[in-house]
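# What the coordinates show
What follows is the residue order along each chain.
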Amino acid sequence: MGTRTRKLAIGVALSGALALTGLAAPLAQAATPDLVFSGVTVNKGKAIVVGTTAAAKVPVTYTLTRPSDVVIDSRTTFAGIMLYRGRLADMDNDIESTLAPTCTTTATTDTTVTESCSDTITIDPEESLYEAADATTWNVGGFYGHIDVDADDSDDRISTSTDFAAWGGKGKVKVQRAAKLTADAAPEPVKKGRTITVTGRLTRADWENEVYTGYVSQPAKVQFRAKGSSTYTTVKTVTSTTGGALKTTVKATKDGYFRYVFAGTSTTGAATAAGDYIDVQ
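Residues numbered from 1 in each chain as written. Predicted model: local features only at pLDDT ≥ 70, side-chain atom pairs only at ≥ 80, totals over all residues. Heavy atoms only, no water.

## Regarding the sheet that holds strand S3 (residues 56–67)
Strand pairing in a sheet relies on backbone hydrogen bonds, with the paired strands running either antiparallel or parallel. Strands sit in the order S1-S3-S7-S6 across an open sheet of 4 strands; the sheet is antiparallel. Each edge of the open sheet carries a strand with a single partner, namely strand S1 (36–42) and strand S6 (102–108). On average, adjacent strands in this sheet sit at an angle of 20 degrees to one another, irrespective of strand direction. With 6 bridges joining them, S6 and strand S7 (residues 112–123) adopt antiparallel strand pairing. The residue of S7 that forms the bridge with Thr104 is Ser116. (Pairing = 2+ DSSP bridges. Helix = DSSP H or I, 4+ residues; strand = E, 2+ residues; numbered from the N terminus. Axes fitted to C-alpha atoms, helices over the stretch in contact; angles between N-to-C directions.)

Right, here's the structure in full:
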């Protein structure tokens, strides 16, 4: 593992379009249109929690108003929602939708078309998240892209030109590191009134090294659910130590399940351990 090289995400959709437009005839280059993105909702308003391997599929909905003569075909002309960290003019990181959105026309005028759109932004931690600083509040924006390709080499010349524009200030969304939590109650079985030791470990995603590492100095609740009950009750709160270790003792009173629960932080998602059954005799 180790530090990975950051790749520029802006324009990925345009670059990928080259494969689709390799035989396209020259297209007329137009001025960047004025698009209006409004009512943008990312991940249904919830934080985006990402682990180390699985890609997060983030639903997006928005309203797009475009000039009526601009067709977003997602082949040579693109529009969608982007997430970015930092300033719009100098982004520290950015993630764009690379799929064609689904849009339905809701209103028209002589010069504009308004559409209700839905899309999915895929956040692959191996491709899009590089460091702990990516676990923060990201900005939401809209983007437009257009590509012209002249692949006719009969005159010993080919060319490609692109147009890109972005609009910021469309909202904010948290991107958090996924957490994992374990719990083990021992000894088992145990006599009533004896001491039970409940151990566990709290870890969270390290995107830079693609592993889960211990999360220290964090509070986790010890909870108990009696056999036959569906409700957990908090017994005490424990703070994680070196390597994310959790350890405490409780008295054995009845059969049931012990677990740890971590509420999460601004940078890290919540986690709940599976309950570990203890047999009290």
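## Some remarks on the packing of aromatic side chains
Scanning the model with the defined rule gives 6 aromatic pairs in all. Ring centres of Tyr215 and Phe262 lie 5.8 Å apart, and the angle between their planes is 80 degrees; on these two criteria the pair is classed as edge-to-face. Taken together, the residues Tyr215 in the loop between strand S14 (211–214) and strand S15 (219–226) and Phe262 in strand S18 (residues 256–262) connect sequence positions 47 residues apart. Aromatic pair Phe224 and Phe258: ring centres 4.7 Å apart, planes at 45 degrees, arrangement tilted. Placement of Phe224 in strand S15 and of Phe258 in strand S18 is noted, with a sequence separation of 34 residues between them. A relative accessible area of 13% places Phe224 in the buried class. For Phe258, a relative accessible area of 4% translates into the label buried. Clustering of aromatic rings is evident, with ring pairs tying together Phe37, Tyr62 and Trp167. Positioned over the ring face of Tyr212 is Lys180, at 4.2 Å from the centre of the ring. In this arrangement the basic side chain of Arg259 is found over the ring face of Tyr232, its NZ or CZ atom lying 3.6 Å from the centre. (Phe/Tyr/Trp six-rings, centres within 6.5 Å; stacked < 30°, edge-to-face > 60°. Buried < 20%, exposed > 50% of the residue type's maximum accessible area, 1.4 Å probe, protein only. Lys NZ or Arg CZ within 6 Å of the ring centre and 35° of its normal.)

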